[in-house]
Amino acid sequence: MTDALARIHAAFADAGVTGRLHALDIDSGAQLDAGADQPVCTASVHKLCLLVTLHEQAAAGLLDLTEPVECSPQARTTGPTGLAAMLDGARLSLRDLAYLMMSVSDNAAADQLLERVGLDAVNRTTARLGLARTLAVHTFGELLSTIKEDAGPGGARSLADPLVVTRLRALDPARTNRSTPRDMTRLLAAVWRDEACTPEHGAAIRRILGLQVWPHRLASGFPFDDVHVAGKTGSLPTVRNEVGVVEYPDGGRYAVAVFTRTARTSALLPAADAVIGTAARLAVDALRAP
Amino acid sequence: MDLVRHLECFVAVAEESHFGRAAARLGMAQPPLSQRIQRLERHLGVRLFERTSRQVTITEAGTLLLAEAREVLARSEALMATARRIRDGETGLLRAALPPDVSGETVAALLAHFSGTADGLELELHELPTAQQLERFAAHELDVGLIHHPCDVSGLELGPVLRRELGVLLPRDAAAAGLDEVPLASLTGYDLILFPRAGAPAVYDDLLTTCARNGYTPPAVRHAQGTSFVRGLVLSARAVALSPRDAHGQGEGDQPPSPASGVVWRPLTGAPLALRHSVAWPGGRGDAAVAAFTEAATRALRSTAGASPDLPARPLHLRPASEYWL
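Note that residues are indexed from 1 along each chain, following the sequence as it is written. Chain letters start at A and ligand numbers start at 1, both assigned in the order the entries are written. Local features in this predicted model are restricted to residues of pLDDT 70 or higher, and side-chain atom pairs are both shown and tallied only at a pLDDT of 80 or more, whereas totals for entire chains, interfaces and linings draw on every residue. Processing note: side-chain calculations cover all non-hydrogen atoms of the structure and skip hydrogens and water entirely.

**Student:** Run through the overall build of chain B, naming residues and quoting values.
**Tutor:** Helix numbers and strand numbers start at the N terminus; a helix is a DSSP run of H or I with at least 4 residues, a strand a run of E with at least 2. Each helix and strand counted, chain B has nine helices and 13 strands in total. Restricting the calculation to C-alpha atoms gives the radius of gyration, and the globule rule supplies 2.2 Å times the number of residues raised to the power 0.38. On C-alpha atoms alone, chain B measures out to a radius of gyration of 26 Å, which is more than a quarter above the 20 Å that the 2.2 N^0.38 rule sets for 326 residues. With the C-alpha coordinates aligned to their principal axes, the bounding extent of chain B is approximately 80 × 55 × 30 Å. Counting only contacts in chain B whose residues sit at least 6 apart along the sequence, the fraction spanning at least 24 positions is 73%. Per-residue and other accessible areas follow the Shrake-Rupley method at a 1.4 Å probe size, with only the shown protein chains counted as cover for residues. Carbon and sulfur atoms provide 54% of the accessible area of chain B, an area that totals close to 16100 Å². Whether two residues touch is decided by their heavy atoms; if any such pair falls within 4.5 Å, the residues are in contact.

Here you go:
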């Protein structure tokens with residue numbers, strides 16, 4: 001284990017990131033802790049908490065997942081994918097909005113769902129599941145607004161300036177949506193053990209997490225056709241995260257949460273994305289070692 | 001009333017939107033926290049929060065006061081930091097660091113500027129690379145330092161970011177040596193000599209990415225640091241090296257003869273490459289002494305190393321996997 005920890009820290013350093021990781025064998029409880037209790041900015045990883053809340057409310061009969069929602073193109077939360085990038089109005093069920101929110105991290109779909117369930121409900125769900133250090137303080141639209149405000153008139157391109165990066169509230173866990181790697185593996189384990197929701201809703205959450213399209217982070221560490229990877233990424237300037245579950249055909253299943261900050265301010269850093277997979281793989285290999 | 005302590009409570013409740021969590025964060029019980037908020041509301045004559053059985057929301061008035069409350073807290077922390085320093089040494093002590101690549105002239109100028117402005121303050125100066133400075137900030141063993149960018153700046157505050165332009169060292173008989181300014185693409189075919197990557201992976205990667213973006217992808221990268229070794233490789237191994245202007249005594253305009261014959265230094269066309277520096281200190285711990293060091297270091301770099309303000313950023317095309325859009 002100490003050898004694996006050293007290799008994980010070396011992998012993070014080599015990729016030019018500061019990384020925090022927690023990996024948990026969902027069945028044995030064995031774990032690997034590389035900064036698992038450090039407060040981290042969740043960014044879009046918080047959509048996982050919202051998804052669980054949505055299913056919890058459906059299970060309680062507060063809403064129907066097939067309920068249609070009118071998605072007007074006006075005042076949509078911005079983003080590069082899904083409804084956030086579409087130009088016209090649409091009508092989607094709550095669960096299809098959830099699919100867009102998780103598969104392509106659609107910010108507009110996420111905020112439509114938040115409007116329906118409320119931020120407080122998300123915090124009640126995470127509190128109920130014992131995630132004491134997980135808190136959402138704003139919607140995804142509000143989160144993006146703080147970046148816009150803090151970046152100032154230079155807009156997105158000023159985010160390459162280290163001085164601007166130090167000023168972003170969105171990158172300070174005390175002032176934005178936050179959690180810890182350990183809280184996130186606890187949430188994933190609860191979902192996989194059907195402790196967060198009824199088995200029927202647990203299965204629906206696991207299906208959606210398995211439909212995420214991004215191959216560049218967690219999944220990149222497991223290039224094996226017989227290994228299943230399900231997860232949710234989160235990204236902001238200098239922030240790259242992913243939390244997910246890796247399942248082997250022998251029944252082994254591992255919740256992994258990786259949160260990183262890059263030293264470089266460039267938007268495109270393939271090595272920083274890939275090290276999330278590399279570190280997760282080192283951790284899972286250590287947990288699987290005889 | 002201890003205003004600072006009460007404002008701390010106010011900010012914690014505002015940030016947590018929850019009395020229980022705020023109390024846990026402050027390491028106190030919930031009832032005294034509620035009492036403090038009520039006392040503060042009476043003292044200010046303003047209602048700060050709306051409380052229902054389920055939740056706490058900050059009022060409009062509370063929002064208006066929050067930024068100033070944070071400022072008062074930051075300033076009070078800075079005051080405590082100064083007091084701590086004065087208490088620790090007879091005259092006060094500032095623990096500062098500079099990276100090893102800063103020239104002797106720059107260090108001398110910094111010390112001269114600093115002693116001129118920060119009278120009665122003792123400066124304990126260390127030579128430390130960026131990574132070690134960040135570790136010591138975290139361990140509260142260092143108050144301020146001059147660091148290289150890019151690095152992980154979380155939890156830090158920064159002074160102005162300055163760039164020291166990099167040029168190229170190349171053999172006198174290379175075709176590009178005949179040019180006044182060398183386009184990076186004209187170095188094609190030459191190996192590149194760089195410091196070993198482990199020393200600063202992000203800086204190393206940034207330099208190679210910028211070379212590639214400007215049409216120069218070296219067939220091989222050779223690792224070397226010592227001046228003589230680098231010169232030897234340039235002379236004998238069909239390789240070039242990057243080096244700041246101030247390391248070659250070539251200020252703007254003048255072109256003194258190159259010291260060691262066979263190797264020449266040339267600026268790069270468009271100045272695409274630079275070493276970037278700024279003064280940094282742990283967030284919330286800036287005080288007058290830190291400000292004096294920042295001012296002295298910035299002035300010294302500008303006057304002795306030809307450092308200039310960071311260039312405006314280039315266009316940025318975010319791709320969908322970025323997950324955000326401004």
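Next comes the rest of the account.
**Student:** Account for helix 10 (residues 199-209) of chain A, naming residues and giving values.
**Tutor:** Residues and elements named next belong to chain A. Listed as buried for helix 10 are His-201, Gly-202, Ile-205, Arg-206, Ile-208 and Leu-209. Burial along helix 10 is one-sided: seen end-on, the buried residues are contained in an arc of 160°. Relative to its buried face, helix 10 has exposed residues pointing more than 90 degrees away, namely Pro-199, Glu-200 and Arg-207. Accessibility here uses a 1.4 Å probe with only protein chains present; expressed as a share of the type maximum, an area under 20% marks a residue as buried, one over 50% as exposed, and anything in between as partly exposed. Relevant arc is that of directions from the helix axis to the C-beta atoms, nothing else.

**Student:** Explain the interface of chain A and chain B to me, using residue names and the numbers behind them.
**Tutor:** Each side of the interface is counted separately: chain A has 46 residues, and chain B has 37 residues. Summed over both partners, the accessible surface that disappears when two parts come together, traced with a 1.4 Å probe, is what is meant by buried area. Between chain A and chain B lies a buried interface of about 3500 Å² when both sides are counted; carbon and sulfur atoms form 59% of it. Just to be clear on terms, a salt bridge is a Lys or Arg side-chain nitrogen sitting within 4 Å of an Asp or Glu carboxyl oxygen. One can count five salt bridges joining chain A with chain B. Arg-217 of chain A is the partner of Glu-323 of chain B in a salt bridge, and the nearest nitrogen-oxygen pair spans 3.9 Å. Under this definition, polar contacts are N or O atom pairs within 3.5 Å; protein pairs additionally need one hydrogen-donor-capable and one acceptor-capable atom, and for neighbouring residues in sequence, both atoms have to be side-chain atoms. Taken together, the links from chain A to chain B amount to twelve residue pairs in polar contact (both at pLDDT 80 or more). Broken down by secondary-structure element, the contributors of at least two residues to the side of chain A that touches chain B are helix 1 (2-14), helix 6 (119-128), helix 7 (140-151), helix 8 (162-167), strand 7 (228-236) and strand 9 (253-262) of chain A. No other element matches the five residues that strand 7 of chain A contributes to the side of chain A that touches chain B.

**Student:** Describe the sheet that holds strand 1 (residues 17-25) of chain A, and please don't skip the residues or the numbers.
**Tutor:** All names here are of chain A. By this definition, two strands are paired if DSSP reports at least two bridges between them. The strand order 2-1-9-8-7 describes an open sheet built from five strands, whose pairing is antiparallel. Edge positions in the open sheet fall to strand 2 (31-34) and strand 7, since each of these has one partner strand only. Taking each pair of neighbouring strands and ignoring which way they run, the sheet shows an average axis angle of 10°. In this sheet, strand 9 lies alongside strand 1 in antiparallel orientation, the contact comprising nine bridges. Looking at the pairing, Ala-23 lines up with Val-256 of strand 9. Axis definition: a line fit to C-alpha positions, over the contact stretch in the case of helices; interaxial angles, taken between N-to-C directions, run 0 to 180 degrees.

**Student:** Quick rundown of the pattern of salt bridges? Include the residues and the values.
**Tutor:** Summed over the entire model, instances satisfying the criterion amount to 32 salt bridges over all chains. Notably, a salt bridge pairs Asp-172 of chain A with Arg-175 of chain A, separated by 3.1 Å at the nearest N-O pair. Look at Asp-172 of chain A and you get partly exposed, because its relative accessible area is 25%. Taking relative accessible area as the criterion, Arg-175 of chain A reaches 30% and is therefore assigned partly exposed. Where Arg-217 of chain A meets Asp-273 of chain A, a salt bridge forms, and the shortest distance between an N and an O atom there is 2.8 Å. One end of the pair, Arg-217 of chain A, is in the loop between helix 10 and strand 7; the other, Asp-273 of chain A, is in helix 11 (residues 270-288), and 56 residues separate them in sequence. The network of salt bridges with common partners includes Arg-178 of chain A together with Glu-15, Glu-16, Arg-21, Arg-25 and Arg-70 of chain B.

**Student:** Describe helix 7 of chain A, with residues and values.
**Tutor:** Residues and elements named next belong to chain A. To estimate the expected span of a helix, count its residues, drop one, and scale the result by 1.5 Å. Taking 1.5 Å of rise per residue, the twelve residues of helix 7 would be expected to cover 16 Å, and the 17 Å separating its terminal C-alpha atoms lies within 8% of that figure. Among all positions of helix 7, only Phe-140, Gly-141, Leu-143, Leu-144, Thr-146, Ile-147, Asp-150 and Ala-151 are buried. Positive phi appears at Gly-152, one or two residues downstream of helix 7, with a value of about 75°.

**Student:** An account of the nonpolar core is needed here, citing residue identities and associated values.
**Tutor:** Residue and element names in this part refer to chain A. Core analysis: the largest hydrophobic core is formed by 52 residues, its most contacted members being Leu-50, Val-52 and Met-184. Excluding its chain neighbours within four sequence positions, the residues that come into contact with Met-184 are Val-45, Cys-49, Leu-131, Thr-134, Ser-179, Val-243, Ala-257 and Phe-259. Formed by 30 residues, the second largest nonpolar core is a distinct cluster that contains Leu-32, Val-258, Ile-276 and Val-284. In this text, buried Ala, Val, Leu, Ile, Met, Phe, Trp, Tyr and Cys residues form a nonpolar core when linked through side-chain atoms within 4.5 Å.

**Student:** Summarise the packing of helix 2 (residues 46-59) of chain A against helix 6 of chain A; cite the residues concerned and give the values.
**Tutor:** Residues and elements named next belong to chain A. Where helix 2 meets helix 6, the closest approach of the two axes is 9 Å, and the angle between their N-to-C directions is 90°. Classed by the angle they form, the pair helix 2 and helix 6 counts as roughly perpendicular. Residues His-46, Cys-49, Leu-50, Val-52, Thr-53, Glu-56 and Gln-57 of helix 2 lie in contact with helix 6, whose contacting residues are Ala-121, Val-122, Thr-125, Thr-126 and Arg-128. Here the residues of the contact of helix 2 with helix 6 are counted per class, giving five nonpolar, five polar and two charged. Roughly parallel means an angle under 35 degrees; roughly antiparallel, over 145; roughly perpendicular, 65 to 115; everything else is oblique. Charged means Asp, Glu, Lys or Arg here, nonpolar means Ala, Val, Leu, Ile, Met, Phe, Trp, Tyr, Cys or Pro, and polar covers whatever is left, Gly included.

**Student:** Please set out the domain arrangement of chain B residue by residue, giving values where relevant.
**Tutor:** Residues and elements named next belong to chain B. Residue ranges assigned to the domains are those given by an automatic or database domain assignment. Domain boundaries in chain B define domain 1 (3-87), domain 2 (91-157 + 281-309) and domain 3 (162-274). Between the C-alpha centres of domain 2 and domain 3 the distance comes to 27 Å. Listed per partner, the contact involves 13 residues of domain 2 and seven residues of domain 3. Between domain 2 and domain 3 lies a buried interface of about 850 Å² when both sides are counted; carbon and sulfur atoms form 61% of it. In terms of surface lost to domain 3, no three residues of domain 2 exceed Pro-150, Ala-305 and Ser-308, which account for 45% of the buried area on that side. Where domain 2 touches domain 3, the interface holds one salt bridge.

**Student:** I'd like a rundown of the state of the cysteines, residues and numbers included.
**Tutor:** Residues and elements named next belong to chain A. We call a pair of cysteine sulfur atoms a disulfide when they lie within 2.5 Å. All told, the structure shown has zero disulfides over all chains when counted by the stated rule. Sulfur of Cys-41: no disulfide; nearest cysteine sulfur belongs to Cys-49 and is 14 Å away. A residue is classified by how much of its surface remains accessible, and Cys-41, at 7% relative accessible area, is buried. Left unpaired, Cys-49 is separated from the closest cysteine sulfur, that of Cys-197, by 12 Å. When its relative accessible area of 1% is taken as the criterion, Cys-49 is described as buried.

**Student:** Provide a residue-level description of unusual backbone geometry, including the pertinent values.
**Tutor:** Of note, the amide linkage connecting His-149 of chain B to Pro-150 of chain B takes the cis form, showing an omega dihedral of 0°. Mapped onto the fold, Pro-150 of chain B is located in the loop between strand 5 (144-149) and strand 6 (156-158). Even without glycine at this site, Ala-43 of chain A takes up a positive phi of about 55°. Along the chain, Ala-43 of chain A turns up in the loop between strand 3 (40-41) and helix 2. For Glu-323 of chain B, which is not glycine, the phi torsion reads 70° and is therefore positive. The topology assignment puts Glu-323 of chain B in the segment after strand 13 (308-309). Owing to a relative accessible area of 3%, Glu-323 of chain B belongs among the buried residues under this scheme.

**Student:** How would you sum up the environment of Glu-181 of chain B? Please name residues and give values.
**Tutor:** All names here are of chain B. With respect to the element layout, Glu-181 can be found in the loop between strand 7 (162-171) and strand 8 (191-194). When the C-alpha atoms of Glu-181 and Leu-242 are compared, they prove to be 14 Å apart, with 61 residues separating the residues in sequence. Those residues in contact with Glu-181, other than ones at most four positions away along the chain, are Pro-267 and Thr-269.

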